[in-house]
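Given next are the chains, with one letter for each unit.
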Number of protein chains: 2
Amino acid sequence: MRSKALASWNESAAKQSIIDFVGRVTTAGGPDFVPAVDRIAVFDNDGTLWAESPVPVQLAFLLDRVHALASQHPEWRNQPPFKAVLENDMKAVAAAGMAGLEELGMATHAGMTTEEFELIVKDWIATAQHLKFKRPYTELTYQPMLEVLTFLRAHDFKTFIVSGGGIEFMRTFSEAVYGIPPENVVGSSIVTKYEVREGRPVLVRQPKLNFYNDKDDKPVGINNFIGRRPLAAFGNSDGDFAMLEWVAGGAGARFALIVHHDDAEREFAYDREAGLARLARGLDEGPKRGWTLVSMKKDWKRVFPFDAA
Amino acid sequence: MRSKALASWNESAAKQSIIDFVGRVTTAGGPDFVPAVDRIAVFDNDGTLWAESPVPVQLAFLLDRVHALASQHPEWRNQPPFKAVLENDMKAVAAAGMAGLEELGMATHAGMTTEEFELIVKDWIATAQHLKFKRPYTELTYQPMLEVLTFLRAHDFKTFIVSGGGIEFMRTFSEAVYGIPPENVVGSSIVTKYEVREGRPVLVRQPKLNFYNDKDDKPVGINNFIGRRPLAAFGNSDGDFAMLEWVAGGAGARFALIVHHDDAEREFAYDREAGLARLARGLDEGPKRGWTLVSMKKDWKRVFPFDAA
């Protein structure tokens, strides 16, 4: 295999498992060879390709949007969960749970055309900064994972994002940040409605969930969008467990990998306690199932592209 | 442009409109140039890429499945719309309308895993024959449209199917028949559910419609699956109108084409009267909007690949 591939990975079993797998499925005439057309790899986004702590990027966007729109909604001052956001009371926001999050999501992600939403996200992501690292979120990608994307593509894999994040949110940056074109992004979505406004056809985002691409619905999303079982899957939380299981359960050589956030110094350390990003079953069962468990601390030479090489 | 492209098209305005459009968007430095990454073309399937008369292929599949499953369902003998199918009473089947069709669809398309369904479709399509032409349906593709697919791909277009047909039905043959891989097929779908059966992860097809990719929902499907507005769209019925309008309504050079079935001798002649395949608004408004209206009779040298060249 290419010796310069995966340069930001330490020479550990994790790195070797990736190289071995790719070797098996791409060796013509070998027992595990897979034609290029069937080489598909899927990646969770938050916590797998870029940082998701202390809050996922799209939640940061949502909170900023509530503040930005507050002057048009004086009623939010006294209306939970908007009140909690405007008072920066994150405990109350968390206490509102998924129902509260959905209400905030619809108020900030719906009501405009798809093209208007794209501009709003692009404007935000060009200027917003991560609280700890004081950099744009788009710089907080994991260098070793970018190298995995490159390595797989060099071996004719098609790479897809399969995330619980909003599909139209991620599509605004997936190509520039990961080299993954919009049509290779699978994510959550809200209902859109076709309208012709003054002769101009538009799609209007409705305040109604269409599909939540998480947990047991990740294999559903993969099947609906991609139409075949991928060969390799990369995740970091138990929200990815079904996706990893679905991929690993296919015939022939398969690969499943979990990124374990155990590096409080260079990034963050969290697993069993974390809410949306909780990793427990994956820690307990992944290694027994032959999945690769990556220690950010031990397996990665550097975390972010801006870290010293 | 390549002189050997579109060999089965007569030298008419329709052929020239395709060549002109591709020239405009691929001429580097020209005012309408579009980078390769954004060159996307979408094709309806039934009646646009292959024959849909006298019944759409998937409806033929559905009817055959009702017969095949009848011995396991003695109650169907007296239960409309199954009774009508088993008695080959197509008038009664049609009279049952979309609700009847959906009932038949769920009884024949749900209850199995996605992999089981794939095998059922593959078995059927390998042996079923078209009533008039006495050939497998997969041979009833339109040679001139296959040439359009080839021509666009030669100019770095990504080609997608966007059809009201079942997404998992079409994916069984799209690569072999059109060179369109499963992930480039957008279609209607039913709900699937992730399950682990005796340690084996599967997706089970539920008797519930997930998305009907037709009419005003074709732009919705395009946006959800592809994530950007295509440059070119090809259709044949008013079920494609919104898709053509959505594509033609984008900025810069756009292309919309309607295949008009006016060739009773070599294929079929139908437009305003037809039910699911009705073409009326497209005939009236398409040419006024600058869309290309293709006469199968006048614009195509041959219709099917098996016709004499």
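The rules behind the values
Residues numbered from 1 in each chain as written. Chains lettered and ligands numbered in written order. Predicted model: local features only at pLDDT ≥ 70, side-chain atom pairs only at ≥ 80, totals over all residues. Heavy atoms only, no water. Helix = DSSP H or I, 4+ residues; strand = E, 2+ residues; numbered from the N terminus. Buried < 20%, exposed > 50% of the residue type's maximum accessible area, 1.4 Å probe, protein only. Pairing = 2+ DSSP bridges. Right-handed = clockwise from strand over helix to strand, strands pointing away. Expected span 1.5 Å × (residues − 1). Contact = heavy atoms within 4.5 Å. Phe/Tyr/Trp six-rings, centres within 6.5 Å; stacked < 30°, edge-to-face > 60°. Lys NZ or Arg CZ within 6 Å of the ring centre and 35° of its normal. Least-squares fit on C-alpha atoms with pLDDT ≥ 70 in both. 1 Å grid on protein atoms, 1.4 Å probe; cavity = no way out; pocket = protein on both sides within 12 Å on 5 of 7 lines; lining within 4 Å. Points joined across faces, edges and corners; volume = space filled by probe spheres on them. Axes fitted to C-alpha atoms, helices over the stretch in contact; angles between N-to-C directions. pLDDT = per-residue confidence, 0-100. Salt bridge = Lys/Arg side-chain N within 4 Å of Asp/Glu carboxyl O.

Caption draft 1: Summary view of unusual backbone geometry. Residue and element names in this part refer to chain A. Cis geometry is found at the peptide bond from Pro 80 to Pro 81, where omega equals 0 degrees. Tracing the chain through its elements places Pro 81 in the loop between α2 (57–69) and α3 (82–86). Residues other than glycine seldom take positive phi values, yet Lys 134 does so here, at roughly 50 degrees. Position of Lys 134 relative to the elements: it lies in the loop between α6 (114–127) and α7 (143–154). Using a relative accessible area of 56% as the deciding quantity, one classes Lys 134 as exposed. You will see that Lys 215, though not glycine, has its phi angle at about 50 degrees, which is positive. Positionally, Lys 215 belongs in the loop between β4 (200–211) and α10 (217–225).

Caption draft 2: Quick look at the pairing of strand β5 (residues 232–235) of chain A. Residues and elements named next belong to chain A. Covered by surrounding structure in β5 are Ala 232 and Phe 234 together with Ala 233 and Gly 235, the residues of both alternating faces. Pairing analysis gives four bridges linking β5 to strand β6 (residues 255–260), with the strands arranged parallel. Following the sheet pairing, Gly 235 is matched in β6 by Ile 258. The handedness of the β5 to β6 crossover, carried by helix α11 (residues 241–248), is right-handed.

Caption draft 3: Fine view of helix α5 (residues 97–109) of chain A. Residues and elements named next belong to chain A. Here α5 is 13 residues long and its end C-alpha atoms lie 18 Å apart, about the 18 Å a rise of 1.5 Å per residue gives. Of the positions making up α5, those classed as buried are Gly 100, Leu 104, Gly 105, Met 106, Thr 108 and His 109. Tucked into the core, α5 has its buried residues touching α2, α3, α4 (90–95), α6, β3 (185–197) and β4. In the segment just after α5, Gly 111 is the residue with positive phi, at about 100 degrees.

Caption draft 4: Quick peek at the packing of aromatic side chains. Counted by the stated rule, this structure contains 45 aromatic pairs over all chains. On the numbers, 6.1 Å between centres and 55 degrees between planes, the contact of Phe 21 of chain B with Phe 157 of chain B is tilted. In this pair, Phe 21 of chain B is assigned in helix α1 (residues 13–26) and Phe 157 of chain B in the loop between α7 (143–154) and β2 (158–166), connecting sequence segments 136 residues apart. Of the two residues, Phe 21 of chain B and Phe 157 of chain B, both sit in the buried class. Here Phe 133 of chain B and Phe 268 of chain B contribute two aromatic rings whose centre-to-centre distance is 6.1 Å and whose plane-to-plane angle is 80 degrees, an arrangement assigned as edge-to-face. Placement of Phe 133 of chain B in the loop between α6 (114–127) and α7 and of Phe 268 of chain B in the loop between β6 (255–260) and α12 (281–285) is noted, with a sequence separation of 135 residues between them. You can call Phe 133 of chain B buried: its relative accessible area is 17%. Residue Phe 268 of chain B is classed as buried on the basis of its relative accessible area of 15%. Ring-pair connections join several aromatic residues into one group, and the members of that group are Trp 50, Phe 61, Phe 117, Trp 124, Tyr 137, Phe 169, Phe 173 and Tyr 178 of chain A. Positioned above the aromatic ring of Phe 268 of chain B, the side-chain terminus of Lys 132 of chain B is 4.5 Å from the ring centre.

Caption draft 5: Molecular detail of the relation of the copies chain B and chain A. After a rotation of 180 degrees and a shift along the axis of 0.0 Å, chain B superposes on chain A with an RMSD of 0.0 Å. This pairing of chains is accounted for by a two-fold axis. Residue Phe 225 of chain B, judged by its C-alpha, is the member of chain B lying nearest the rotation axis, at 3.3 Å. With an isologous cut-off of 70% or more, the 100% of interface residues of chain B that recur at the interface of chain A puts this contact in the isologous class.

Caption draft 6: Geometry of the layout of surface pockets. All names here are of chain B. Considering only enclosed or pocket space, the second largest pocket measures out at about 1200 Å³ in volume. Around the second largest pocket sit 46 residues that line it, and Pro 56, Leu 59, Leu 101, Tyr 212 and Leu 276 are the ones nearest its centre. Going through the elements one at a time, α2 (57–69), α4 (90–95), α5 (97–109), β2, α8 (167–170), β3 (185–197) and β4 (200–211) are the ones with two or more residues in the lining of the second largest pocket. Counting residues per element, the lining of the second largest pocket draws most heavily on α5, which supplies seven residues.

Caption draft 7: Representation of the sheet that holds β6 of chain A in the model. Residues and elements named next belong to chain A. The strand order β4-β3-β2-β1-β5-β6-β7 describes an open sheet built from seven strands, whose pairing is mixed. Where the open sheet ends on each side, the last strands, each with one partner, are β4 and β7 (292–295). Adjacent strand axes in the sheet meet at a mean angle of 30 degrees when their direction is disregarded. Bridge analysis of strand β1 (residues 40–43) against β5 gives three bridges, and the strand direction is parallel. Bridge assignment links Ala 41 to a residue of β5, and that residue is Ala 232. Along the sheet, α10 contacts β1, β2 (158–166), β3 and β4; its crossing angle with β2, the most-contacted strand, is approximately 130 degrees. Against the sheet, α11 contacts β1, β2, β5 and β6, and its axis sits at roughly 165 degrees relative to β5.

Caption draft 8: Spotlight on the environment of Val 185 of chain B. Residues and elements named next belong to chain B. Inspection of the secondary structure puts Val 185 in strand β3. The spacing of Val 185 and Pro 207 is 22 residues in sequence and 21 Å in space, taken between C-alpha atoms. Dropping the residues within four chain positions of it, Val 185 is found in contact with Ile 161, Ile 167, Met 170, Arg 171, Ser 174, Ile 180 and Phe 225.

Caption draft 9: Seen up close, the sheet that holds strand β5 (residues 232–235) of chain B. All names here are of chain B. With mixed pairing, seven strands are arranged side by side in an open sheet as β4-β3-β2-β1-β5-β6-β7. Edge positions in the open sheet fall to β4 and β7 (292–295), since each of these has one partner strand only. Across the sheet, the mean angle from the axis of one strand to that of its neighbour is 30 degrees, orientation sign disregarded.

Caption draft 10: Looking closely at the confidence of the model for chain A. Per-residue pLDDT for chain A averages 96, and the proportion of residues at 70 or more is 99%. If you check the scores for this complex, the pTM reads 0.97 and the ipTM reads 0.96.

Caption draft 11: Representation of the pattern of salt bridges in the model. One pass over the structure, following the stated rule, counts 42 salt bridges over all chains. Two residues, Asp 44 of chain A and Lys 218 of chain A, come together in a salt bridge whose shortest N-O distance is 3.0 Å. Of this pair, Asp 44 of chain A sits in the loop between β1 and α2 while Lys 218 of chain A sits in helix α10; the two residues are 174 residues apart in sequence, bridging distant segments of the chain. Judged by relative accessible area, Asp 44 of chain A falls into the buried class, the value being 5%. Put simply, Asp 38 of chain B and Arg 228 of chain B hold a salt bridge, and the shortest N to O gap is 2.6 Å.

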